[in-house]
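Here is what each chain is made of, one letter per residue.
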Amino acid sequence: MTTMTENASGLREFKMPDVGEGLTEAEILKWYVQPGDTVTDGQVVCEVETAKAAVELPIPYDGVVRELHFPEGTTVDVGQVIIAVDVAGGSALTGQAPVAVEAPVAETPAAPTPQAPVAEEPKPEGRTPVLVGYGVAEASTKRRPRKGAEVPAQQPETFLAATALQGELNGHGHGSAPVGQRPLAKPPVRKLAKDLGVDLATITPSGPDGIITREDVHAAVAPAPAPEQPAVPAPPVPAQAQAPAPVVTYDTARETRIPIKGVRKATAAAMIGSAFTAPHVTEFVTVDVTRTMKLVEELKQDKEMQGLRVNPLLLIAKALLVAIKRNPDVNASWDEAAQEIVLKHYVNLGIAAATPRGLIVPNIKDAHTKTLPQLAGSLGELVATAREGKTSPAAMQGGTVTITNVGVFGVDTGTPILNPGESAILAIGAIKLQPWVHKGKVKPRQVTTLALSFDHRLVDGELGSKVLADVAAILEQPKRLITWA
């Protein structure tokens, strides 16, 4: 999908890019330019928040800002125009051929002649607009025929179908689809209709530009009283049907309503998808970590660890990596489409982090290859980046196992939900001084509770128990980091 269009007057329209992470929308957090400002190629014009990260968008050409299509705080679908720039020289721009804005569906499917005289378009060359840190998905828009004489007689039908499909892919529609054409609806709505057994072609769309909404699908499967209402001649019936709308009122002094968007929306979708897809099993173990805590203090004085973040999480992460090395089958994922279990020969270790924008889970790539100082450096960088709200979408992709440290909140333990696509997650409880039998005597020892949740499709009870027992054994006797590694 192209991220920009240009008309004959030299006005270029920049669309919300597809970051290639399967995202369908983003919220505009901040505009760095205003109408009338001059912009240059590569200049950052706005900051947007995708599913879990704030990303800056650069403009891919020079010009003067003509219009900002959406204010700050607006959630915009991928493919929608967000800014218009007046470029000097019109079509004489470097590396970009004039491309028409998505054409609306013709009022009458006749006279294809307006499209016939299209000159050859120069091949694109030069800079391709990119999202900071990510490549833009390759263009999927087909170019128009080069010569009008070669346009087939059935062009109106082909043009209508292509235009409707293009509009659907870009989040735009152009009214109800003509007879025989695919109804306009976004993928989640199509899935909902399929799950409920509803034919989209039988639904009258209520969304903008003829797009079928989730409410339309639910209305199609609602109980049958609705069809009976047209038989009642009394005009007040439609008014009664709209009566429930005002019931949504609430006391603003006693309640606050927060729109579900951004990180919270993405987290909710991920947790629902994980909790109702992977059968979770959680096991617990309470362990004496006194020796581990002593080792943490010793490492803080080690010159090899100077300037690095040394804490219990570092040694627990290392313990989990050693446990995975001893039980490699736990590091896997379930491929439902291919009906295969995918064994991972690498460990991308996720660390759940609470940030001002909500919970995110960035991961340390190839954590299994890192020494203790390297792991400490990666953990420190990950936490600092997350707290600043600058974690990139790529940093949150491809995780294999995760650690969540609920102990920092004084919580003993929990039953963590798997990060989607991963096989296991380890929860760390608060480390507390407790009475413990040590060498035959009851003594105050530093104790914590660990909880391991795993996908029971992939991990049997025996395997999950071995992994958790190995982590506990290492924390009880940290010298096993040497003997077992």
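Residues numbered from 1 in each chain as written. Predicted model: local features only at pLDDT ≥ 70, side-chain atom pairs only at ≥ 80, totals over all residues. Heavy atoms only, no water.

### Some remarks on the sheet that holds strand β5 (residues 44-49)
Then step 1. Reading across the sheet, the four strands line up as β6-β5-β3-β8 and stay open at both edges, with antiparallel pairing between neighbours. Each edge of the open sheet is held by one strand with a lone partner, namely β6 (54-58) and β8 (75-77). Direction aside, the axes of adjacent strands within the sheet are offset by 40 degrees on average.
Then step 2. With five bridges connecting them, β5 and β6 associate as antiparallel partners. From the neighbouring strand, Val48 faces β6, where its bridge partner is Val55. (Pairing = 2+ DSSP bridges. Helix = DSSP H or I, 4+ residues; strand = E, 2+ residues; numbered from the N terminus. Axes fitted to C-alpha atoms, helices over the stretch in contact; angles between N-to-C directions.)

### A closer look at helix α10 (residues 461-476)
Then step 1. Its 16 residues give α10 an end-to-end C-alpha distance of 22 Å, which sits within 8% of 22 Å, the value for a rise of 1.5 Å per residue.
Then step 2. Those residues of α10 not exposed but buried are Leu463, Gly464, Val467, Leu468, Asp470, Val471, Ala472, Ala473, Ile474 and Leu475.
Then step 3. Buried residues along α10 sit in contact with β10 (280-288), α7 (290-300), α8 (312-326), β18 (424-428), β20 (441-455) and α11 (480-483). (Expected span 1.5 Å × (residues − 1). Buried < 20%, exposed > 50% of the residue type's maximum accessible area, 1.4 Å probe, protein only. Contact = heavy atoms within 4.5 Å.)

### Here's the deal with the nonpolar core
Proteins that are soluble and globular tend to have nonpolar side chains buried together.
Then step 1. Core analysis: the largest hydrophobic core is formed by 48 residues, its most contacted members being Leu320, Leu349, Leu375, Ile403, Leu426, Leu450 and Val471.
Then step 2. Contributing elements (two or more residues each) for this core: α7, α8, β13 (349-351), α9 (372-387), β17 (401-405), β18, β20 and α10.
Then step 3. If one sorts the elements of this core by residue count, α8 sits on top with eleven residues.
Then step 4. Once residues within four sequence positions are removed from consideration, Leu375 is found in contact with Leu314, Ala317, Lys318, Leu321, Ile364, Ala367 and Lys370.
Then step 5. In terms of nonpolar packing, the next biggest core, distinct from the first, is built from 28 residues, Val45, Val55, Ile59 and Met396 among them. (Core = buried A, V, L, I, M, F, W, Y, C linked by side-chain atoms within 4.5 Å.)

### Points about unusual backbone geometry
Then step 1. Look at Gln339: it is not a glycine, yet its phi comes out positive at around 55 degrees.
Then step 2. Tracing the chain through its elements places Gln339 in the loop between β11 (332-335) and β12 (340-343).
Then step 3. For Gln339, a relative accessible area of 55% corresponds to the exposed category.
Then step 4. At Asp366, a residue that is not glycine, the phi angle is positive and equals roughly 50 degrees.

### Some points on α7
Then step 1. For α7, the set of buried residues is Thr290, Thr292, Met293, Val296 and Leu299.
Then step 2. Check the buried side of α7 and you find it contacts β10, α8, α9, β20 and α10.

### Digging into the side chain of Arg445
Then step 1. Looking at the secondary structure, you find Arg445 in strand β20.
Then step 2. What makes Arg445 buried here is its relative accessible area of 10%.
Then step 3. If near-sequence neighbours (up to four positions away) are discounted, Arg445 is found in contact with Asp288, Thr290, Arg291, Lys432, Leu433, Gln434, Trp436 and His438.

Limitation: the analysis is restricted to geometry and does not speak to function.
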